[in-house]
Amino acid sequence: MEAEEMELFGIWSSPYVLRVIWALNIKKIKYKYIEEDLNNKSNLLLHYNPVYKKVPVLVYKGKPICESMIIVEFIEETWKNDSIFPKDPYEKAKARFLAKFVEDKLSPPMWRFFTTKGKDQEEAYESFTDYLAILERELEGKEFFGGENIGFVDILLGCMSYVVPIYEEITDFEIITKEKFPLLHAWMQAFLSSDIVRDNLPPRDELLYRYRKIREAFLSKDN
Amino acid sequence: MVPNSEVRLFGMWASPAVWRVEWALKMKGIEFEYIEEDVSDKSSSLLMYNPINKQVPVLVHNGKPIVESLVILEYIDETWNDKPILPVDSYERAKARFWATFVDVKCREAARKSFFGEGEERENGIENLEIQLKALDEELEGKKFFAGNSIGYTDLVVGWMAFWLGVAEEAGDFKAVNSSKFPFFTAWIENFLQDPLIKNNLPPRDKTVEFFRLFRQAGSCAKANVK
């Protein structure tokens, strides 16, 4: 397949865009990457994603697919090599459920933790550490949520592997340590050092700067 | 057909998420045992099968639980291969899933604000709903159902908007669905509710409106207590 057949519209800092890049890497698919400026969205992006006007958008042979996890499922179903999902429908359902659990239950309190302080921050921390314990149990006997290889849940959760250390540095809080969550801690290291991910991460210094600004903006709103 | 198959569905009579699973099971001709849950006094079985969310619907197939209605629909389609609910083509599947998440995340949130909200929050909810209905209306142009000539996955997922949105409008005293602004969507509601699969598989309307009226009052009391 020529790279021109596959285009990915994204922004460098978006974890949602990275999910798609990791999936394309798993399947060894060549693509052309187009960096968008969200303050000045291209006409092409608005044409391909009129409902949400967001990245990522994958365009395959001229047809757009939107929403990161829907794009990942499309990639899985269109290219049969190197599976992202388990074959068994029940195991697949468990993976889909865990993915939804991460999006709906885990992400909001983690974001609340990062954008608040004091009692609000403590409460958010209590919430999401309960959910981290669920993920810790899921990893028992496995290197990745997908088993021996990176799978659907790993891709969805993957941004946590590089965002959590940034949260820890900025808030001076320990979140995922070897003592508290040994399996999750090991998973983060394994994920970050895998072939799929290693060379496809946003630059740390720029992310650190960006996230610091975000936290400052949220905390100054409260004052 | 999957041989030696035991299928149980834990549900609640007024829940649209439960009904969409029932529609899918009936579309496929799958026999199942239905267990009505009292959501104010959840059974130990439900809590065992769904310890994380503690919610209905839960599908239990040969003793193994599957939770979350959209996850259940995909599981049903993959396990019982005949009479597919989702399209076969992967691009069409992506489109179907796109509309499903649009409706289940965006429209549901806007409907919740329109129903429970007051003042500016309510107005904002209705405004968003109208923008979303426009998008759905455009998607339906030239089609009887989202899936084409017969009901498919997207129709089952959007299905709550054919019945429960009208119920919420009546119980919550607001209006978003408008036949002149959204002619294709209004026609779809009619086609969907008249389809033999759906017509005989809906909760009683008056009882549902009353249930939602009480639900809304309870919501207002809860808000008042929080303040």
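Quick caveat: nothing in here was measured; it's all calculated off a predicted structure.

Conventions used here
- Residues numbered from 1 in each chain as written.
- Chains lettered and ligands numbered in written order.
- Predicted model: local features only at pLDDT ≥ 70, side-chain atom pairs only at ≥ 80, totals over all residues.
- Heavy atoms only, no water.
- 1 Å grid on protein atoms, 1.4 Å probe; cavity = no way out; pocket = protein on both sides within 12 Å on 5 of 7 lines; lining within 4 Å.
- Points joined across faces, edges and corners; volume = space filled by probe spheres on them.
- Helix = DSSP H or I, 4+ residues; strand = E, 2+ residues; numbered from the N terminus.
- Nonpolar A, V, L, I, M, F, W, Y, C, P; charged D, E, K, R; others polar.
- Contact = heavy atoms within 4.5 Å.
- Buried area = accessible area lost by both parts, 1.4 Å probe.
- Salt bridge = Lys/Arg side-chain N within 4 Å of Asp/Glu carboxyl O.
- Polar contact = N/O pair within 3.5 Å; in protein donor to acceptor, adjacent residues only side chain to side chain.
- Phe/Tyr/Trp six-rings, centres within 6.5 Å; stacked < 30°, edge-to-face > 60°.
- Lys NZ or Arg CZ within 6 Å of the ring centre and 35° of its normal.
- Axes fitted to C-alpha atoms, helices over the stretch in contact; angles between N-to-C directions.
- Parallel < 35°, antiparallel > 145°, perpendicular 65-115°, else oblique.
- Pairing = 2+ DSSP bridges.
- Disulfide = S-S within 2.5 Å.
- Buried < 20%, exposed > 50% of the residue type's maximum accessible area, 1.4 Å probe, protein only.
- pLDDT = per-residue confidence, 0-100.

Student: An account of the layout of surface pockets is needed here, citing residue identities and associated values.
Tutor: What the second largest pocket holds in volume is close to 710 Å³. Residue lining of the second largest pocket: 33 residues in total, with A:Glu91, A:Lys94, A:Ala95, A:Leu98 and A:Glu138 positioned closest to the centre. Elements supplying a minimum of two residues to the lining of the second largest pocket: helix H4 (89–115), helix H5 (118–138) and helix H6 (152–157) of chain A together with helix H2 (44–49) and strand S4 (64–67) of chain B. No other element matches H4(A), which puts 7 residues into the lining of the second largest pocket. Partitioned by chemical class, the residues of the lining of the second largest pocket number 21 nonpolar, 6 polar and 6 charged.

Student: Describe in detail the environment of A:Trp79, supporting the description with residues and values.
Tutor: Tracing the chain through its elements places A:Trp79 in the loop between helix H3 (68–78) and H4. In the structure, A:Trp79 is positioned 50 residues away from A:Ile29 in sequence and 8.9 Å away in space, judged by C-alpha atoms.

Student: So what about the interface of chain B and chain A? Which residues, and what values?
Tutor: Tallying the contact residues gives 22 residues for chain B and 22 residues for chain A. Buried surface at the junction of chain B and chain A, both sides included, amounts to about 2,200 Å², of which 69% is carbon and sulfur. Taken as a group, B:Ile52, B:Tyr91 and B:Phe98 account for 28% of the area that chain B buries against chain A, more than any other trio of residues on that side. Seen at the junction of chain B and chain A, the total is 7 salt bridges. The residue A:Lys92 makes a salt bridge to B:Glu78 at a minimum N-O spacing of 3.5 Å. Taken together, chain B and chain A are joined by 10 residue pairs in polar contact (both at pLDDT 80 or more). Of all the secondary structure elements, the ones that give two or more residues to the side of chain B that touches chain A are S4, helix H3 (69–79) and helix H4 (90–116) of chain B.

Student: So what's going on with the packing of aromatic side chains? Which residues, and what values?
Tutor: Counted by the stated rule, this structure contains 38 aromatic pairs over all chains. Through pairs of rings, three or more aromatic residues link up here, namely B:Trp23, B:Phe146, B:Phe163, B:Trp164, B:Phe185, B:Trp188 and B:Phe192. Over the face of the ring belonging to A:Phe85 we find A:Lys92, whose NZ or CZ atom lies 5.7 Å from the ring centre.

Student: For unusual backbone geometry, give the residues involved together with the corresponding values.
Tutor: Between A:Val55 and A:Pro56 the backbone carries a cis peptide bond, its omega angle lying at 0 degrees. Along the polypeptide, A:Pro56 turns up in the loop between helix H2 (43–48) and strand S3 (57–60). Here B:Val56 and B:Pro57 are connected by a cis peptide whose omega angle stands at 0 degrees. Mapped onto the fold, B:Pro57 is located in the loop between H2 and strand S3 (58–61).

Student: Lay out the packing of helix H1 (residues 16–27) of chain B against H3(B) with the relevant residues and their values.
Tutor: Residue and element names in this part refer to chain B. One way to put it is that H1 packs onto H3 with a least axis distance of 9 Å and a crossing angle of 5 degrees. Compared by their axis directions, H1 and H3 come out roughly parallel. Facing H1, whose interface residues are Ala17, Arg20, Val21, Ala24 and Leu25, H3 presents Ser69, Leu70, Ile72, Leu73 and Ile76.

Student: Hey, could you go over the sheet that holds S3(B) for me, with residue numbers and the actual values?
Tutor: Strand pairs in the sheet, formed through backbone hydrogen bonds, run parallel or antiparallel to each other. Residues and elements named next belong to chain B. Reading across from one edge, S2-S1-S3-S4 is the order of the 4 strands in this open sheet, with mixed pairing throughout. The two strands at the open ends of the sheet, each matched to only one other strand, are strand S2 (33–36) and S4. Each strand of the sheet is rotated relative to its neighbour by a mean of 20 degrees, with strand direction disregarded. Pairing between strand S1 (residues 7–11) and S3: 4 bridges, direction antiparallel. If you follow valine 7 over to S3, its bridge partner there is histidine 61.

Student: Account for the state of the cysteines, naming residues and giving values.
Tutor: Counting across every chain of the model gives 0 disulfides over all chains. Unpaired in terms of disulfides, B:Cys107 finds its nearest cysteine sulfur in A:Cys66, a separation of 16 Å. Using a relative accessible area of 0% as the deciding quantity, one classes B:Cys107 as buried.

Student: Which residues make up the sheet that holds strand S2 (residues 32–35) of chain A, and what values go with them?
Tutor: Residue and element names in this part refer to chain A. Reading across from one edge, S2-S1-S3-S4 is the order of the 4 strands in this open sheet, with mixed pairing throughout. The open sheet is flanked by S2 and strand S4 (63–66), the only strands paired with a single partner. With direction set aside, neighbouring strand axes in the sheet form an average angle of 20 degrees. The pairing of strand S1 (residues 6–10) with S2 spans 4 bridges and is classified as parallel. Bridging across to S2, glutamate 7 finds its partner in lysine 32. Set on the sheet, helix H1 (residues 15–26) makes contact with S1, S2 and S3; between it and S1 the angle comes to about 155 degrees.

Student: An account of the confidence of the model for chain B is requested, with residue identities and associated values reported.
Tutor: Mean pLDDT over chain B: 93, with 95% of residues reaching 70 or higher. Per-element confidence in chain B ranges from a low mean pLDDT of 83 for helix H10 (residues 205–226) of chain B to a high of 98 for helix H8 (residues 183–194) of chain B.

Student: Describe the pairing of S3(A), listing the residues and the values that go with them.
Tutor: All names here are of chain A. By the alternation rule, side chains of S3 split into Val57 and Val59 and Leu58 and Tyr60, which are all buried. Both S1 and S3 contribute to a ladder of 4 bridges, which runs antiparallel. Looking at the pairing, leucine 8 lines up with leucine 58 of S3. Here S3 runs beside S4; their pairing, made up of 4 bridges, is antiparallel. What sits directly across from valine 57, in S4, is cysteine 66. Hairpin geometry of S3 and S4 is characterised by an intervening segment of 2 residues between the two adjacent antiparallel strands and by a positive phi of about 50 degrees at lysine 61.

Student: Just give me the short version of the packing of helix H5 (residues 119–140) of chain B against H8(B), but keep the residues and values in it.
Tutor: All names here are of chain B. For the pair H5 and H8, the least separation of the axes is 7 Å and the interaxial angle reads 75 degrees. Considering the angle they form, H5 stands roughly perpendicular to H8. On H8, the residues that touch Leu133, Leu136, Asp137 and Leu140 of H5 are Pro183, Phe184, Phe185 and Trp188. Looking at side-chain class alone, the contact of H5 with H8 contains 7 nonpolar, no polar and 1 charged residues.

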